[in-house]
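Summary of the model geometry
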Amino acid sequence: MEFRHKSVLLEESIDALQIKPDGIYVDGTLGGGGHSYEICTHLSDKGRLIGIDQDEAAIEAATGRLERFKDRVTIVRSNYCNMKRELGRLGITSVDGVILDLGVSSYQLDEASRGFTYREDAPLDMRMDQRQTLSAKEVVNEYSEMELYHIIRDYGEEKFAKNIAKHIVSARNQKALETTGELIHVIKAAIPAKVRAVGGHPAKRTFQAIRIEVNRELDVLENSLGDMIDLLNDGGRICVITFHSLEDRIVKNKFRECENPCTCPKEFPVCVCGKKSKGKVITRKPVIPSQEELEENSRAKSSKLRVFEREIQ
Ligand SMILES: C[S@@+](CC[C@H](N)C(=O)[O-])C[C@H]1O[C@@H](n2cnc3c(N)ncnc32)[C@H](O)[C@@H]1O
């Protein structure tokens, strides 16, 4: 299947990066290479782009898409949480900009065999990195009812999380759930018919929750942002596009903490904790897509861009 994905907040994020033609940039969520392509068009022959993705299909698609930029581009299959190590392997210790465009690509969603979609019947999978062992099948069949409830409630913001978790456990006690179709059937039965009749697909929120759990999306983000900010040169910027309120909160809080890490009580006249600011938040409020983008690309809905600039004191 062709790799189709329309980049979100493309112009806004590329502008925010303030690309230096000779700089080194990292795209930690390469996907189809949409953002990376734009970065490369701003680079001179001395500039470099390192593109990271954990998904083999994304690596293949982006390799083709970025071919014309040749030596300017290095593509690495890895999790962006390994960015510092992967750059170290390439002899790079600092960079001028980092971009993350989180979540899954339209390709991953549309390719039924990956098990992300609630629109077709496929094996329960949802792994972005198919080398990892944990898949949706284990989450659905092996997690306790309480764990499922918390995941579906918190990551899916699903009102009927408790009932869905209960129905999953009672269904799997009869027979393990193997496919997205079987899971959808169970979810539908757990949501009142009146509610099902309005709003989007009844399985949407539960699928999102399981996907976030399978790929440890929030932990990875939380544990990587600090390292990425540390990698930036003076004046370098990190741009993060999120699609979920919990992701956005992690980015907002981490950026704030890096701007003002001081833990001294407010009444202290001078700082004694010694924690120094790493830079400044550029976006007090997140940048959101224009009306035009929202009309053109439904995936842009709920996207938010936050930007932080490194200042080395
Ligand atoms: C929304 S898409 C990126 C699309 C890309 N910006 C473009 O314009 O074509 C997100 C991509 O990030 C990858 N991804 C998500 N989390 C990742 C992580 N922790 N490490 C590496 N890749 C990740 C996914 O596999 C997917 O290909």
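Here the structure is shown first, and the text comes after it.
Residues numbered from 1 in each chain as written. Predicted model: local features only at pLDDT ≥ 70, side-chain atom pairs only at ≥ 80, totals over all residues. Heavy atoms only, no water.

In the vicinity of the ligand, 26 residues are found, and the nearest of them are S7, H35, D53, Y80 and D101. Here an oxygen atom of the ligand sits 2.5 Å away from a polar atom, N or O, in the side chain of S7. Within the side chain of N79, one N or O atom sits 2.9 Å away from a nitrogen atom of the ligand. Its free accessible area being 600 Å², the ligand has 98% of it covered by the protein chains. At a threshold of 2 Å from the grid points, most atoms of the ligand map onto the largest cavity. Grouping the amino acids of the shell around the ligand by side-chain chemistry returns seven nonpolar, 15 polar and four charged. (Near = heavy atom within 4 Å. Polar contact = N/O pair within 3.5 Å; in protein donor to acceptor, adjacent residues only side chain to side chain. Areas by Shrake-Rupley, 256 points an atom, 1.4 Å probe, with all protein chains shown as cover. 1 Å grid on protein atoms, 1.4 Å probe; cavity = no way out; pocket = protein on both sides within 12 Å on 5 of 7 lines; lining within 4 Å. Sits in = over half its atoms within 2 Å of the grid points. Nonpolar A, V, L, I, M, F, W, Y, C, P; charged D, E, K, R; others polar.)

The next point concerns the side chain of E213. Relative to the assigned elements, E213 resides in helix α11 (residues 204-214). There is a polar contact of 2.6 Å between the side chain of E213 and the side chain of Y143. Leave out the neighbours within four places in its chain, and E213 touches L134, V139, Y143, I151 and Y155. (Helix = DSSP H or I, 4+ residues; strand = E, 2+ residues; numbered from the N terminus. Contact = heavy atoms within 4.5 Å.)

Take the layout of surface pockets next. Computed from the structure, the largest pocket encloses a volume of approximately 1100 Å³. In this structure, the largest pocket is lined by 34 residues; those nearest its centre are L109, Y118, K204, Q208 and R299. Only α5 (106-110), α11 and α13 (245-259) provide two or more residues apiece to the lining of the largest pocket. Top contributing element to the lining of the largest pocket by residue count: α11, with six residues. In this model, the second largest pocket occupies a volume close to 240 Å³. (Points joined across faces, edges and corners; volume = space filled by probe spheres on them.)

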